Amino acid sequence: SSNIGHGQSVVYEDVKELSMRCAKMALEIESKDGTIKDLDEEKQSIVRKFTEAREHHRRMQRKYEDVYKKMCIKQCEELDKMNADKDEMRRQIKERDVVIKQLLDANATLEAALEAMTKVAEDALKAKNQVREDLKKLRSGHLTNIMTASRRSQRACKLRM
């Protein structure tokens, strides 16, 4: 009977030890569950932070793309305006070139007309001088004729008397 009691006490000790081990394992599992829960929360926090960072990055990228597009559009508009200004300058230069050519042509025509008028004036001056010379000759010849006629008439008068 004492062996039975001793056997019971060994079983009791074994049960007690198993029970304590179970309680200890339960505490370890609970602790591990807490650690797993903490790790899970940390993982969720990391995922949340990553998601927020990715969204922020996408927003910044869209903002940058919008700014870049606006900058490109503005630059294109400025280049178009510069090209239009250059085209306008080229057009004005062509118009000026046409006007300059017309002025040069008109100047050449005026110079030719001036030369012709100068020649006409020189010819007219020569003709005027020639007329003067001719008039001098005529006057001198006319005077000679008048004097000759006057002498003749005087002679005729003397003869009549």
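Residues numbered from 1 in each chain as written. Predicted model: local features only at pLDDT ≥ 70, side-chain atom pairs only at ≥ 80, totals over all residues. Heavy atoms only, no water.

What to know about a nonpolar patch on the surface
What counts is decided by this rule: Patch construction takes residues with relative accessible area above 30% that form no salt bridge. Like charges are linked within 9 Å, and nonpolar side chains (Val, Leu, Ile, Met, Phe, Trp, Tyr) are linked within 5 Å. Only the protein chains shown count as cover for residues, with accessible areas throughout obtained via the Shrake-Rupley method and a probe of 1.4 Å. By definition here, a salt bridge exists when the distance from a side-chain nitrogen of Lys or Arg to a carboxyl oxygen of Asp or Glu is within 4 Å. Where helices and strands are cited, they refer to DSSP runs of H or I of at least four residues and of E of at least two residues respectively, numbered from the N terminus.
A cluster of nonpolar side chains, namely Tyr 64, Tyr 68 and Met 71, defines an oily patch on the protein surface of about 360 Å² accessible area. Mapped onto the fold, Tyr 64 is located in helix α1 (residues 2-160).

Structural notes on the packing of aromatic side chains
Worth spelling out the cut-off: Two rings belonging to Phe, Tyr or Trp (six-membered ring only in the last case) form a pair when the distance between their centres is within 6.5 Å. Interplanar angles under 30 degrees mark stacking, angles over 60 mark edge-to-face geometry, and anything in between is tilted. For every residue, the accessible area obtained with a 1.4 Å probe (protein chains only) is divided by the maximum for its type, and the residue is called buried under 20%, exposed over 50%, and partly exposed between those limits.
Summed over all chains, the structure comprises 1 aromatic pair. Measuring from ring centre to ring centre gives 6.1 Å for Tyr 64 and Tyr 68, while their planes differ by 20 degrees; the resulting arrangement is stacked. Residue Tyr 64 and its partner Tyr 68 are both found in helix α1; the two are separated by 4 residues, about one turn of the helix. A relative accessible area of 54% places Tyr 64 in the exposed class. Tyr 68 gets classed as partly exposed once you look at its relative accessible area, which sits at 44%.

Quick notes on the environment of Leu 138
Tracing the backbone through its elements, the reader meets Leu 138 in helix α1. With a relative accessible area of 58%, Leu 138 lands in the exposed category. Between the C-alpha atoms of Leu 138 and Glu 55, which are 83 residues apart in sequence, the distance is 121 Å.

Observations concerning a negative patch on the surface
Put simply, the rule is: Note that His is not counted, nor are the chain ends; the positive residues are Lys and Arg, and the negative ones are Asp and Glu. Here the site of a charge means atom NZ of a Lys, CZ of an Arg, CG of an Asp or CD of a Glu.
On the surface, a cluster of negative charge is made up of Asp 38, Asp 40, Glu 41 and Glu 42. Tracing the backbone through its elements, the reader meets Glu 42 in helix α1. Overall, the relative accessible area of 49% leaves Glu 42 in the partly exposed class.

Some details on a positive patch on the surface
Residues Arg 151, Arg 152, Arg 155 and Lys 158 make up a contiguous surface patch of positive charge. Looking at the element boundaries, Arg 155 is found in helix α1.

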